[in-house]
Amino acid sequence: MATINLLVNGRVIAAESGSSVAAAMLSSGITTFRTSVSGEPRAPLCGMGICFECRVTIEGQDHARSCQITVQDGMVITT
Amino acid sequence: MIIVVGAGPAGIAAARCVLECNLPVTVIDDNPAPGGQIWRGEAINLGAAQLLSGTRVVAIDGRARTVLTEGPGGPRTLHFSKLILATGSRELFLPFPGWTLPGVFGAGGIQALVKTGLHVAGKRIVVAGSGPLLLAVAALLRRRGADVRLIAEQARPAALFSFAAALLTNAAKLKEGAGFAWTLAGVPYATGAWVEAAEAEGHVRHVHLRQGNRRWVEECDYAAIGYGLVPNDELHSFAADSEHVIPVPTGDVDLATLEGAAAGYEAAGQPRPSAKLERARRFGAVLARAFALDPELRSLPKSDTFVCRCEDVTLERLCGWDSFRAAKLHTRCGMGPCQGRICGPAARFLFGWQDTSIRPPAFPVRIASLVTTTLATNGETS
Ligand SMILES: Cc1cc2nc3c(=O)[nH]c(=O)nc-3n(C[C@H](O)[C@H](O)[C@H](O)COP(=O)(O)OP(=O)(O)OC[C@H]3O[C@@H](n4cnc5c(N)ncnc54)[C@H](O)[C@@H]3O)c2cc1C
Ligand code: FES
């Protein structure tokens, strides 16, 4: 499978084309996707677009559910 | 035009049956590609059906026979002659101390992530919760090189016995079960057992398990915990009384396919009775009884455990209200982005509240879509 690059919080990570942003981030060792209203770290739970725990900013779009979005080369992501 | 919402096995079967009756059909699905939960990422041929992927149905008007969608091109209103709701199900999550830690996934949740590229090779994973899905998930994880530490199934052996007996009458399921058993050889399967807590700073490192009076700790890199399925019936409540709307009950892939086909023929005006469907329904009912949740699981969350993960509402703050509505108004439980999809079914199990389903619109909607709805209601758009 072709490898592409993502820019997550300014750091380049490698991802397999076709994977979801959430899967690529988790596979690269990123564990925190968002901080909850009481300050807890959170990460994907449902993997299917329901829980919103995987939300990050993708290409400037806030609250994007990373489990539902397929990676693209050069994608810029912030948690 | 017949419209099908959902491109999982049920929606796909429905669309194919409509086409078979020589009628046009449109399939709307909010995932980037068709397949639903189980055929995620597989190549799907929908023939002559028009497919709107990445498009979500946010409201239905049963009287005007329109659906409001949000997709890549913005909001749209579409007319239907019949509407088939094949929206499938999601996982049931029960709150317990530590369930919000990164690394604690749903069982179906980790399955979906693995199917979209999550690497699990070498990871120590505890699989827990309830239902045959745990076996499918554990088998997938093992095939991908994970070290599945154990499967903790909440159902007790006596209940599981009826499931095993039903399996013996269902050759396809028996074969599937034998396949899982082969893949999972050597993985402990603890019955009447569950995860009481997950711990460590910032990420799960170990879980506390309980089986009757026996308690132990299992180290792990991930935990995959799901307590069965809840139907995605949010849209159903919009159009419960419309004769033009056909809701499709979901189940495992075989039942969903048969139910979808029946709905497709019905929508096309050519209903066909199916003995296979009746058999699959009976098997589904046996499953539901065998994996019924143990009431003891209600004591899993402690007073400071979050029940609502969007708004961080603790169990303590929910006690004392007599309905989900009252709890929502006073605590913001269920008011976050998931709109109660996670905490609603949990609260229903914990407190017995019945009013946990969602009011329109079914998802956070953009203002533009609401304007479109208003215009459509006034007859200004089509
Ligand atoms: C996480 C998970 C894992 C599962 N794994 C298995 C398994 O391994 N084996 C098995 O037999 N069963 C499994 N199941 C049960 C599974 O639901 C069925 O096997 C099968 O997927 C059911 O088919 P379906 O068409 O009814 O629903 P689904 O496959 O869920 O398809 C429903 C589709 O409708 C879409 N949808 C829902 N609401 C809207 C809306 N408002 N607008 C637009 N689109 C919408 C969904 O995104 C989805 O694509 C799993 C269920 C879940 C939740
Ligand atoms: S993991 Fe639940 S929405 Fe993405």
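What counts, and where the lines are drawn
Residues numbered from 1 in each chain as written. Chains lettered and ligands numbered in written order. Predicted model: local features only at pLDDT ≥ 70, side-chain atom pairs only at ≥ 80, totals over all residues. Heavy atoms only, no water. Pairing = 2+ DSSP bridges. Helix = DSSP H or I, 4+ residues; strand = E, 2+ residues; numbered from the N terminus. Salt bridge = Lys/Arg side-chain N within 4 Å of Asp/Glu carboxyl O. 1 Å grid on protein atoms, 1.4 Å probe; cavity = no way out; pocket = protein on both sides within 12 Å on 5 of 7 lines; lining within 4 Å. Points joined across faces, edges and corners; volume = space filled by probe spheres on them. Nonpolar A, V, L, I, M, F, W, Y, C, P; charged D, E, K, R; others polar. Contact = heavy atoms within 4.5 Å. Buried area = accessible area lost by both parts, 1.4 Å probe. Polar contact = N/O pair within 3.5 Å; in protein donor to acceptor, adjacent residues only side chain to side chain. Domains from an automatic or database assignment.

Peer 1: Give a description of the sheet that holds strand E10 (residues 124-129) of chain B that names residues and reports values.
Peer 2: Ordered by their spatial adjacency, five strands build an open sheet running E9-E16-E10-E11-E12 (chain B), and the pairing between neighbours is parallel. Of all strands in the sheet, those bounded by a partner on one side alone are strand E9 (104-105) and strand E12 (189-191) of chain B.

Peer 1: Let's hear about the pattern of salt bridges: which residues, and what values?
Peer 2: Here the structure, examined in full by the defined rule, presents 22 salt bridges over all chains. The salt bridge involving Glu196(B) is made with Arg215(B); its shortest N-O contact spans 3.0 Å. Of this pair, Glu196(B) sits in strand E13 (residues 193-199) while Arg215(B) sits in strand E15 (residues 214-219), placing them 19 residues apart in sequence. Connected through salt bridges with shared partners, the residues Arg34(A), Glu40(A), Arg42(A), Glu53(A), Arg309(B) and Asp312(B) form a single ionic network.

Peer 1: How would you sum up empty space enclosed by the protein? Please name residues and give values.
Peer 2: Using the criterion set out here, one finds one cavity of 30 Å³ or more in the structure. Its boundaries defined by the atoms lining it, the largest cavity holds a volume of some 40 Å³. Taken together, Leu45(A), Phe93(B), Leu94(B), Phe96(B), Trp99(B), Val104(B), Phe105(B) and Ile225(B) form the lining of the largest cavity. Looking at the lining of the largest cavity residue by residue, the classes come out as eight nonpolar, no polar and no charged.

Peer 1: Tell me about the interface of chain A and chain B, and please be specific about residues and values.
Peer 2: At the junction of the two partners, chain A supplies 30 residues and chain B supplies 35 residues. Of the roughly 2600 Å² buried at the junction of chain A and chain B (both faces included), carbon and sulfur atoms supply 58%. Three residues, Leu45(A), Met48(A) and Ile50(A), lead the burial of chain A against chain B; their summed loss comes to 24% of the area buried on that side. Between the two partners, chain A and chain B, sit two salt bridges. With its nearest N and O atoms 2.8 Å apart, the salt bridge here joins Arg42(A) to Asp312(B). Viewed at the interface, chain B and chain A are joined by twelve residue pairs in polar contact (both at pLDDT 80 or more).

Peer 1: Kindly report on the domain arrangement of chain B, identifying the contributing residues and their values.
Peer 2: Residues and elements named next belong to chain B. For chain B, the assigned domains read domain 1 (2-90 + 231-286), domain 2 (93-227) and domain 3 (295-351). If you average the C-alpha positions of domain 1 and of domain 2, the two centres end up 30 Å apart. Each partner contributes residues to the interface: domain 1 has seven residues there, and domain 2 has nine residues. In total, domain 1 and domain 2 occlude about 660 Å² of area from one another, counting both sides; carbon and sulfur atoms represent 63% of this. On the domain 1 side of the interface with domain 2, the three residues burying the most area are Arg40, Phe283 and Val286, jointly 72% of the side's total. The interface formed by domain 1 and domain 2 contains two salt bridges. A salt bridge links Asp252 to Lys173; the nearest nitrogen and oxygen atoms lie 2.6 Å apart. By residue class, the composition of the side of domain 1 that touches domain 2 is three nonpolar, one polar and three charged.

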